[in-house]
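The primary structure of each chain is shown beneath.
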Amino acid sequence: MSLIKIFKEGLWKNNAVFKQVLGMCPALAVTTSAINGIAMGLASTAVLICSNIVVSIVKDYIPSKVRIPAYIVIIASFVTVIDLVMNAYLHDIHKVLGLFIPLIVVNCMILGRAESFASKNSVVKSIFDGIGIGLGFTFALFILGSVREILGNGSILGFTVTGEWFKPAIVMILPPGAFIALGFIMFAINYIEDRRKIKNAPKEHCSVG
Amino acid sequence: MRDNNFKMVIVLTVIAAIAAFVLSFVYSSTKDKIAEAYRQEFLRALVKVFPNYNNEPDKDINIVDGQNIYIAKMDDKVVGYAIKSTSSKGYGGDIDVLIAVSTDGKITGIEILRHAETPGLGDKIEDEWFKNLFKGLTAKDNIAVKKDGGIIDQFSGATISPRAVSEAVANGLKFIDDKILGK
Amino acid sequence: MTGLILIFISAVLVNNFVLSRFLGICPFFGVSKQLETAIGMSMAVTFVMTVAGIVTWIIQYTVLNPFGLIYLQTIVFILVIAALVQLVEMVIEKTSPGLYASLGIFLPLITTNCAILGAALLNIQLQYTFIQMLVFTIGSSIGFGLALILFAGIRERVDLSDVPKYFRGLPVAFITAGILALAFMGFSGLVK
């Protein structure tokens, strides 16, 4: 498998949020605005890349019985590092993301990649996998955050984009809005992918549908 | 089997030891920076609540009954006092409010230091128009939401958060009025 | 006392762990396809969350705070939870095969359930006393169970109905959860 392919698969085909439904808690909780989504996505990506690197280096030395606790310690260490560094240099964003930074530890996406990819592949491949999956996660959070911010606040990345006539539906930035927005985004993805499949499929399949 | 168990323990111990070492290093190298970030945050709040001063109120502290009173001075002349006041009646837990009072007993400004109110509803207590409602009020005013017979506007869908802020402000103002200005 | 009741009601209904704090979403969608498994999962979570809350609270105030090791909080808490889950699994397996048969498969999943770590961290962040922590943790886990069981019940019915093609599966599940969350928002007026 080429590196580019690994990267691409992580970005879309194995997209953590839209396809694997992993890392749902931060995806729903912090996406009240596009910028929060990006910040959370990048923080998780940083942890994912670092943990992928370390896990792929030490994989041969860890007895399989204790591999999960070992991975968790590695991930938790990187999360704490990110937590401290963000608190020091990106203090305001750290305040907004709050509780969900330490909770990156239990983002199943990160442990999942350590277990299913990094523990079986080389360091270089694991880095590309980390970047792909991480950016795919960031992208998903950005989309979800944008949809909620536009509908709930009439703005994107803080800039007002809708006219005076638009009355923001506050519910979209409240908790129920997170579920509803994600539901409709997933519907849209199902619809678009299915359409594309029909388009690309040979003719005889089309007539059946 | 024993050999295997032994290896497991060793591996986990080594990993945990390395992790603890790395973390203590990162912690000690970011510690001052984090403390500074918290201080800057607090200073920004002080700048907002006091009209003008040229000392460092976060270091000019007077401790009264175990409460920190931050003193703002203009050319060594006291212009106001600030106090942190907490209400536990917030919707998502405690709300910390910084209240500044001028020497003639009027509120010069408030800032919400910490809260966990619902985004979109209760967190409107952070809006400027809401915080400005308290400006100029004295201990003689009835600082409470209108629902409770006071003079503070609550906003639609959320009474609890403004009520908690009002409570914190009223307590903080009373403290300064009684213990410092009243002397 | 009213304070404790307030914490309890707020944890169960108003600030529901799943529907308002977004903690424990993975099992919420993962094991809510059948009512029976949802009940099993809720019981397992209640148990582990309460024990983990007590242990992590004690560690925070007897070890981490006095020795200035607060930066090790995340790593220590997650290890405590992982170890606890293992321990609980072993004890239940030895003492009560019946219980193990019904809870066993959920236990490994609980380590990465952010509701457990989330509750442990919130206890510290909200500066709860021991009693408050206990009430909050039990309330939170009941809230988690309530949301999970309600959702499982609704999903069983959604499965039987004729859902438009592209909404089938996850999209409709998310929208259902959204409506359930809306309903729970109605409890906001409860705490006055």
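So, here is what we can say about the structure in this document. (Residues numbered from 1 in each chain as written. Chains lettered and ligands numbered in written order. Predicted model: local features only at pLDDT ≥ 70, side-chain atom pairs only at ≥ 80, totals over all residues. Heavy atoms only, no water.)

**A look at the overall build of chain B**
Within chain B one finds 3 helices and 5 strands. For chain B, the N- to C-terminal ordering of α and β elements is α-β-β-β-β-β-α-α. By principal-axis analysis of the C-alpha atoms, chain B measures approximately 80 × 45 × 30 Å. Sorting the 183 residues of chain B into buried and exposed places 45% on the buried side. Relative to all contacts within chain B whose residues are 6 or more apart in sequence, the contacts with residues 24 or more apart total 45%. Here chain B displays about 9600 Å² of accessible surface, and carbon together with sulfur accounts for 54% of that area. Across chain B, the centroid of the 24 positively charged side chains sits 2 Å from that of the 25 negatively charged ones. (Helix = DSSP H or I, 4+ residues; strand = E, 2+ residues; numbered from the N terminus. Buried < 20%, exposed > 50% of the residue type's maximum accessible area, 1.4 Å probe, protein only. Contact = heavy atoms within 4.5 Å. Areas by Shrake-Rupley, 256 points an atom, 1.4 Å probe, with all protein chains shown as cover. Lys, Arg positive; Asp, Glu negative; His and termini not counted. Charge placed at Lys NZ, Arg CZ, Asp CG, Glu CD.)

**A short note on the environment of I99 of chain B**
Residues and elements named next belong to chain B. One can find I99 in strand 4 (residues 95-102). Residues I99 and A170, 71 residues apart in the sequence, show an inter-C-alpha distance of 9.4 Å. Leave out the neighbours within four places in its chain, and I99 touches Y81, A82, I83, S85, G109, I110, A168, V169, G172 and I176.

**Section: the side chain of H94 of chain A**
Here H94 of chain A is to be found in helix 5 (residues 91-97). Residues contacting H94 of chain A, with those up to four places away along its chain left out, are D83, M86, N87 and I101 of chain A.

**Comments concerning the pattern of salt bridges**
Residue and element names in this part refer to chain B. What the rule picks out here adds up to 20 salt bridges over all chains. Between K174 and D178 there is a salt bridge, with the nearest N and O atoms lying 3.0 Å from each other. Taken together, the residues span about one helical turn, with K174 and D178 both in helix 3 (residues 160-181) at a distance of 4 residues. Within this structure, R39, E56, D58 and K59 form a network of salt bridges that share partners. (Salt bridge = Lys/Arg side-chain N within 4 Å of Asp/Glu carboxyl O.)

**Some thoughts on the layout of surface pockets**
Counted as a void, the second largest pocket has a volume near 890 Å³. Lining of the second largest pocket is provided by 37 residues; of these, L111 of chain A together with P108, L109, T111 and T112 of chain C occupy positions nearest its centre. Those elements giving two or more residues to the lining of the second largest pocket turn out to be helix 4 (67-89) and helix 6 (108-118) of chain A, helix 1 (2-49) of chain B together with helix 2 (25-30), helix 4 (73-95) and helix 6 (107-110) of chain C. When residues in the lining of the second largest pocket are grouped by element, the largest group, 6 residues, is from helix 4 of chain C. (1 Å grid on protein atoms, 1.4 Å probe; cavity = no way out; pocket = protein on both sides within 12 Å on 5 of 7 lines; lining within 4 Å. Points joined across faces, edges and corners; volume = space filled by probe spheres on them.)

**What about a nonpolar patch on the surface?**
Together, F6, I10, V14, I18, F21 and V22 of chain B make up a nonpolar patch on the protein surface, roughly 600 Å² of accessible area in all. The topology assignment puts I18 of chain B in helix 1. (Patch = residues over 30% accessible without salt bridge, like charges linked within 9 Å, V, L, I, M, F, W, Y side chains within 5 Å.)

**Details of the packing of helix 3 (residues 34-58) of chain A against helix 4 of chain A**
Any two packed helices are characterised by the angle at which their axes cross and by the distance between the axes. All names here are of chain A. In contact at an axis separation of 9 Å, helix 3 and helix 4 are set at 145 degrees when each is read in the N-to-C sense. When you trace helix 3 past helix 4, the crossing you get is right-handed. Judged by residue contacts, A43, A46, V47, C50, S51, V54, V55 and V58 of helix 3 engage Y71, I74, I75, F78, V79, I82 and M86 from helix 4. Of the residues assigned to the contact of helix 3 with helix 4, the class counts are 14 nonpolar, 1 polar and no charged. (Axes fitted to C-alpha atoms, helices over the stretch in contact; angles between N-to-C directions. Left-handed = near helix turned anticlockwise from the far one by under 90°. Nonpolar A, V, L, I, M, F, W, Y, C, P; charged D, E, K, R; others polar.)

**Observations concerning the pairing of strand 2 (residues 67-74) of chain B**
Residues and elements named next belong to chain B. Where strand 1 (residues 61-64) lies against strand 2, 4 bridges are found, and the strand directions are antiparallel. When the sheet's bridge partners are listed, V64 is paired in strand 2 with Q67. The turn joining strand 1 and strand 2, which pair antiparallel and follow one another in sequence, is formed by 2 residues; a positive phi near 50 degrees is taken by D65. Summarising the sheet, strand 2 and strand 3 (residues 77-87) pair through 6 bridges and their orientation is antiparallel. By the bridge assignment, A72 is partnered in strand 3 with G80. Taken together, strand 2 and the strand that follows it, strand 3, pair antiparallel across an intervening segment of 2 residues, in which D75 is found at a positive phi of about 50 degrees. (Pairing = 2+ DSSP bridges.)

**Digging into the interface of chain B and chain C**
With 11 residues of chain B in contact, the opposing surface of chain C contributes 12 residues. Approximately 970 Å² of surface area, both sides summed, lies buried where chain B meets chain C, with 60% of it carried by carbon and sulfur atoms. Ranking the residues of chain B by area buried against chain C places L23, Y27 and Y91 of chain B at the top, with a combined share of 45%. Where chain B meets chain C, there are 0 salt bridges. Between chain B and chain C we count 0 residue pairs in polar contact (both at pLDDT 80 or more) in total. (Buried area = accessible area lost by both parts, 1.4 Å probe. Polar contact = N/O pair within 3.5 Å; in protein donor to acceptor, adjacent residues only side chain to side chain.)

**Quick word on the interface of chain C and chain A**
Between chain C and chain A, the contact holds 36 residues from the first and 35 residues from the second. A combined buried area of about 3200 Å² lies between chain C and chain A, and 86% of that area is made up of carbon and sulfur atoms. Three residues, F22, Y166 and F174 of chain C, lead the burial of chain C against chain A; their summed loss comes to 24% of the area buried on that side. Between chain C and chain A we count 1 salt bridge in total. Between K165 of chain C and D194 of chain A there is a salt bridge; the shortest N-O distance is 3.4 Å. A per-class count over the side of chain C that touches chain A returns 25 nonpolar, 8 polar and 3 charged.

**Side note on the environment of V63 of chain C**
Within the secondary structure, V63 of chain C sits in helix 3 (residues 35-64). Separated by 22 residues in sequence, V63 of chain C and M41 of chain C place their C-alpha atoms 31 Å apart.

**Some details on the packing of aromatic side chains**
Counted by the stated rule, this structure contains 22 aromatic pairs over all chains. Ring geometry for Y191 of chain A and Y166 of chain C: centres 5.1 Å apart, planes at 85 degrees, overall edge-to-face. Note that Y191 of chain A is positioned in helix 8 (residues 175-200) and Y166 of chain C in the loop between helix 8 (130-160) and helix 9 (170-185), a pairing that runs across two chains. On the accessibility criterion, Y191 of chain A (33% relative accessible area) is partly exposed. Between F28 of chain C and F151 of chain C the ring centres are 4.4 Å apart and the planes differ by 15 degrees, which places this aromatic pair in the stacked class. Of this pair, F28 of chain C sits in helix 2 while F151 of chain C is found in helix 8, placing the two residues 123 residues apart along the sequence. (Phe/Tyr/Trp six-rings, centres within 6.5 Å; stacked < 30°, edge-to-face > 60°.)

**As for the packing of helix 7 (residues 123-153) of chain A against helix 8 of chain A**
All names here are of chain A. Orientation of helix 7 relative to helix 8, taken along the N-to-C sense of each, is 115 degrees, at an axis distance of 10 Å. As helix 7 packs across helix 8, the resulting crossing turns out to be right-handed. Seen from helix 7, the contacting residues are I143, L144, V147 and R148; seen from helix 8, they are G177, A178, A181, L182 and I185.

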